[in-house]
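Structure at a glance
Chain by chain, the residues run as shown.
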Amino acid sequence: MTAENTPDASSASDDAAAPGRVVLLTTSHRVAPGLLSWPAWQLLHTADRVLCADAGHPELPYLREAGVTVEQTAPDAHRLVEECAGGRTVVVLPSGEGDRQLTDGLARLAGSGRVRMPDLELLPGSYDLPGARLLDLVQVMDRVRRECPWTSQQTHRGLAKYLIEEAYELVEAIEDGDRDELREELGDVLLQVVFHARIAQEGTGEEGEDGEGDEPFSIDDVAGGLVEKLIRRHPHVFGDETAETAEDVHAHWNRTKAIEKQRTSVTDGVPVGQPALALAAKLTSRVRGSQLDVPLPTGEGVGYRLLALAASAEAAGTDPEAALRAAARAYRDAIRAAEKAAPGTTTVEE
């Protein structure tokens, strides 16, 4: 048996011919740098080489602190394949925009059939948590506020009408049952929330005021306050109280809210600027929930009759605003059907 045919020589020959592997280690910019998965850390500590072309990559300081040697270089596809010869593992940290030139080159080599390719792997080193895209929304809104001529001039008061419009469009999408529209309109309402929070972050006075800055707050303050409110008003979820029915939950909510707001009247907090039927229903709901005995006012005119109808609907569990809107939509459809049946008869009155 010659030396070349011995088991040890054969094993060494196989190792030398092994193609190795290239691992693209991706990370999410929405996760704090250094918070990598355990498989990612294992790979980084055992790899033969770790390469990164981006000198400003946010992970680099943490990798170096952990004792991982990172070489700042941008190898082309051919060179990278050569570096993997002999069963070596090379890890590449792509830049935030991705290393398109490298990945395209590897794809061309693999498709040529003329090169023995190393194993190509994609390993996510960190994953987005639910809600991570909200961080992107905040960043984009911040830039638009700084750089857009129109957006940079808007105020809370100037935007108020848009919030009302977007809310109504959202209601329409819900009533239509159109899920694509629902998703888009939810985004438009969310935009208004983020927009107002971004303006509030500046702490500047509104037009018509004395111009002095108000105490600023950010979207984090808004979200933090909401989290605290949800926890306080759900003691049956986050505390020791129990709630077996929706009515129990409603009672918990109203009781906690009354303590928080310290209101002196059941009408406090009811916006009178809302649509009239919704206002009437809300007032009758507050009265019924407080066990007060306040008869409906009587008088001449359609207003009092509408008030009585709204109270009756609310007591029966019907939203009078939604009911009237549904009837109006049915009437609109009937009008359109009549227009199609009698073309050329449509007139528009201002």
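On a predicted model such as this, the values are computed, not experimentally measured, just so you know.

A closer look at the sheet that holds strand 3 (residues 71-72)
The five strands are arranged 3-2-4-1-5 in an open sheet whose pairing can be described as parallel. Because the sheet does not close on itself, it has two edges, and the strands there are strand 3 and strand 5 (119-124). Direction of pairing for strand 2 (residues 49-52) relative to strand 3: parallel, over a ladder of two bridges. Within strand 3, the position partnered with L51 by the bridge is E71.

Quick look at the pattern of salt bridges
Following the criterion strictly, the structure yields 21 salt bridges and no others. A salt bridge links E202 to R145; its shortest N-O distance comes to 2.7 Å. Residue E202 is found in helix 8 (residues 179-202), and its partner R145 is found in helix 6 (residues 133-147); the two are separated by 57 residues along the sequence. Of the residues examined, R145 reaches a relative accessible area of 6% and is grouped as buried. Through salt bridges with shared partners, a single network forms among D142, R145, R146, R198 and E202.

Structural notes on a nonpolar patch on the surface
On the surface, L134, L190, V193, F217 and V222 cluster together to form a nonpolar patch covering roughly 370 Å² of accessible area. Residue placement: L134 occurs in helix 6. The exposure class assigned to L134 is partly exposed, which follows from its relative accessible area of 45%.

Quick look at the side chain of D136
The topology assignment puts D136 in helix 6. Take D136: its relative accessible area is 12%, and that puts it in the buried class. Within the structure, D136 has its side chain in polar contact with the side chain of H29 (distance 3.0 Å). When residues no more than four places from it in sequence are discounted, the contact partners of D136 are H29 and R30.

Some thoughts on the packing of aromatic side chains
A full pass over the atoms with the stated rule returns one aromatic pair. Taking 6.3 Å as the distance between ring centres and 75° as the angle between the ring planes, the aromatic pair formed by W150 and Y162 counts as edge-to-face. Taken together, the positions of W150 in the loop between helix 6 and helix 7 (156-176) and Y162 in helix 7 put the pair 12 residues apart, joining distant regions of the chain. With a relative accessible area of 45%, W150 lands in the partly exposed category.

A closer look at the packing of helix 7 against helix 8
With their axes 8 Å apart at the nearest point, helix 7 and helix 8 run at an angle of 160° to one another. Classified by the interaxial angle, the pair formed by helix 7 and helix 8 is roughly antiparallel. Here helix 7 and helix 8 pass one another in a crossing that is left-handed. Across the interface between the two elements, H156, L159, Y162, L163, E166, A167, E169, L170, A173 and I174 from helix 7 touch E181, L182, E185, L186, D188, V189, Q192, F195, H196, I199 and A200 from helix 8. Of the residues in the contact of helix 7 with helix 8, the class split is 13 nonpolar, three polar and five charged.

Reading the values: rules and limits
Residues numbered from 1 in each chain as written. Predicted model: local features only at pLDDT ≥ 70, side-chain atom pairs only at ≥ 80, totals over all residues. Heavy atoms only, no water. Pairing = 2+ DSSP bridges. Helix = DSSP H or I, 4+ residues; strand = E, 2+ residues; numbered from the N terminus. Salt bridge = Lys/Arg side-chain N within 4 Å of Asp/Glu carboxyl O. Buried < 20%, exposed > 50% of the residue type's maximum accessible area, 1.4 Å probe, protein only. Patch = residues over 30% accessible without salt bridge, like charges linked within 9 Å, V, L, I, M, F, W, Y side chains within 5 Å. Areas by Shrake-Rupley, 256 points an atom, 1.4 Å probe, with all protein chains shown as cover. Polar contact = N/O pair within 3.5 Å; in protein donor to acceptor, adjacent residues only side chain to side chain. Contact = heavy atoms within 4.5 Å. Phe/Tyr/Trp six-rings, centres within 6.5 Å; stacked < 30°, edge-to-face > 60°. Axes fitted to C-alpha atoms, helices over the stretch in contact; angles between N-to-C directions. Parallel < 35°, antiparallel > 145°, perpendicular 65-115°, else oblique. Left-handed = near helix turned anticlockwise from the far one by under 90°. Nonpolar A, V, L, I, M, F, W, Y, C, P; charged D, E, K, R; others polar.

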